[in-house]
Amino acid sequence: MELITNFIDLNWINVMYLFFVGFVGGLVSGFIGSGGAFVLTPGMMSMGVPGLVAVASNMCHKFPKALVGAIKRAKFGQVDVKLGLVMGASAEAGVLVGAHIQEHIKKTFGDAGSNLYVSMAFVVVLGIVGTYVLLDAMKTKNNELTNKPETVTKIAKWVQSIHIPGTMVYFRSLGTKVSVLFTVPLGFATGMLAATIAVGGFIGVPAMIYILGAPALMASATELVIAFVMGLVGSLKYAMGGFVDIRLSMIILAGSLFGVQLGAIGTTYVKDYMIKIVMGVIMLLVLVSRGLMVPVYLSQLGIISSLSNNMITVLKTTSFVIMIGALLTGALIISVALIKGLKEEKRIQRAVEVSSLISKI
Amino acid sequence: MQRKKKPLIKLLFYGAATAGLYSVLFFNEPIVKTLCARGGLYALFPVVTAFIFSFAHGNFTNYFWQTLGIEAKKKRVEVTQQDRPEERKEIRTQLRA
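These numbers were taken from a predicted model, which means no experiment stands behind them. (Residues numbered from 1 in each chain as written. Chains lettered and ligands numbered in written order. Predicted model: local features only at pLDDT ≥ 70, side-chain atom pairs only at ≥ 80, totals over all residues. Heavy atoms only, no water.)

Draft legend 1. Layout of the packing of aromatic side chains. Inspection of the entire model under this criterion finds 15 aromatic pairs over all chains. Measuring from centroid to centroid gives 6.3 Å for F228 of chain A and F51 of chain B, while their planes differ by 75 degrees, and the two rings are edge-to-face. You can see F228 of chain A sitting in helix α8 (residues 216-240) and its partner F51 of chain B sitting in helix α3 (residues 44-67), one on each of two chains. What makes F51 of chain B partly exposed here is its relative accessible area of 31%. The interplanar angle of 75 degrees and the centroid separation of 5.1 Å between the aromatic rings of F13 of chain B and Y14 of chain B together place this pair among those described as edge-to-face. Y14 of chain B gets classed as buried once you look at its relative accessible area, which sits at 16%. (Phe/Tyr/Trp six-rings, centres within 6.5 Å; stacked < 30°, edge-to-face > 60°. Helix = DSSP H or I, 4+ residues; strand = E, 2+ residues; numbered from the N terminus. Buried < 20%, exposed > 50% of the residue type's maximum accessible area, 1.4 Å probe, protein only.)

Draft legend 2. Representation of the pattern of salt bridges. If you walk through the whole model with that rule in mind, you get six salt bridges over all chains. Ionic pairing is found between K33 of chain B and D9 of chain A, a salt bridge with its closest N-O pair at 3.4 Å. With K33 of chain B in helix α2 (residues 29-38) and D9 of chain A in the segment before α1 (12-32), the pair connects residues from two separate chains. Judged by its relative accessible area of 11%, K33 of chain B falls in the buried class. For D245 of chain A, the salt bridge is made with R247 of chain A, and the minimal N-O distance between the two is 2.8 Å. Overall, R247 of chain A belongs to the buried group, its relative accessible area being 0%. Salt bridges sharing partners connect three or more residues here, namely D245 and R247 of chain A together with E29 of chain B. (Salt bridge = Lys/Arg side-chain N within 4 Å of Asp/Glu carboxyl O.)

Draft legend 3. Representation of the pairing of strand β2 (residues 176-179) of chain A within the structure. Residue and element names in this part refer to chain A. Sheet topology places strand β1 (residues 168-171) next to β2; four bridges connect them, and they run antiparallel. Bridged to Y170 within β2 is K177. Turn length for the β1-β2 hairpin, with the two strands adjacent in sequence and antiparallel, is four residues, and the turn residue G175 shows positive phi of about 70 degrees. (Pairing = 2+ DSSP bridges.)

Draft legend 4. How the structure looks around the nonpolar core. Residue and element names in this part refer to chain A. If you look at the biggest cluster of nonpolar residues, it comprises 116 residues, and the most contacted ones within it are F38, F202 and L212. Among the elements that line this core, the one with the most residues is α8, at 13 residues. The residues contacting L212, other than those within four sequence positions of it, are L83, M87, A156, V159, Q160, L174, V178, F182, T183, L186 and A207. Judged by nonpolar contacts, the second largest core, of seven residues, contains L116, M293, V294 and V296. (Core = buried A, V, L, I, M, F, W, Y, C linked by side-chain atoms within 4.5 Å. Contact = heavy atoms within 4.5 Å.)

Draft legend 5. Fine view of the UniProt feature "transmembrane region" (unreviewed entry) in chain B. All names here are of chain B. Taking the numbering used here, the UniProt-annotated feature "transmembrane region" (unreviewed entry) corresponds to residues 7-27 and 39-65. Taken end to end, residues 7-27 comprises 100% helix and 0% strand; its first and last C-alpha atoms sit 29 Å apart. For residues 39-65, the helix share is 81%, the strand share is 0%, and the end-to-end C-alpha distance is 37 Å. (UniProt positions renumbered as here; feature names shortened; annotations may be inferred.)

Now the structure itself:
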């Protein structure tokens, strides 16, 4: 007997849309460690998928994608599995607390209150972290041009200098021992953000770079391990409630695995600062997108005077378009870097072949 | 030639496996929907499915880009002045002497 489900009927347009967004999201995710989720969830909801099913199905495509990406980048020597697992475990706790806070806000202030909380989290976190990441990317780029080595921040130096007996663990990406008492809160914050805005990597990656002192390439690769751990446990939790529509998850996965492989390959052709540029640009564009929605929720809560329906539609559409634009901009920067890198690689290969031929003669 | 053939065979193998898996999933939509909606221990169904699909499709996409010639940057040792054969010859003469 068939159960009555919340699962929608699929048509070709829906399938192609999910496949394409999956591909672009995968590309960005393979490169900076996370991405795509912030477009996929609202995208699925606009197709008529209930919110919870959209979040659950999105998560069930995220963990296999992160796994494939992590394996690929581990082959390039960019993954710190130990750091990923330690941060991943504490992120789990963060997800639970984050979800609990969400439920509490929803109960107390309703849907508009919950949406306002999510948007404000986007604006505050992305505003502070995104600006810092982008400014630092510019600085690192200048350093690269003048051949200065990438510097570890003062905070990271301090964190690495603190020795707390019984809590010290050696992490390959940091090249030194760091107390887990520092990694646990960072993992926790990553999880809380993931439960709130679906993209924990916006805290996880910058935290690994600036607070722990990991190189950007390794931080973004290690984020994939954290995403895998969080995604697997989250998917199991949602699946137990019967919310995962595996058809949706597998369509997104079909596109995203093409993307994640390409994004991972792209990282081998770029310098560290490119990861920061892509991340910073996406973060700031998403910030604008979510910022546009704040007046809508404020008016729904009666905090400001109510907006006209036309105005709400314009703001909603602009917000969604900018969000897709953020993902496409990231994908474009990655594609350009990849194409340039591949061309340069072919040129070098040809030069090597010619020189070996000459030496044989 | 041999080197190019191998990824192509693997690409076709994993491509067929992926296509097979997706066909099974979509030709049995009612059962799949029911299994997903049940919850509880049936949670293992979507999670295990995701693992199986990611293995087959992950390999397929890997060989797909490889066959197209889009591969990671190769780590290579720069050919420098010291590596040139003329100089090695010189060293040999010195050793014989």
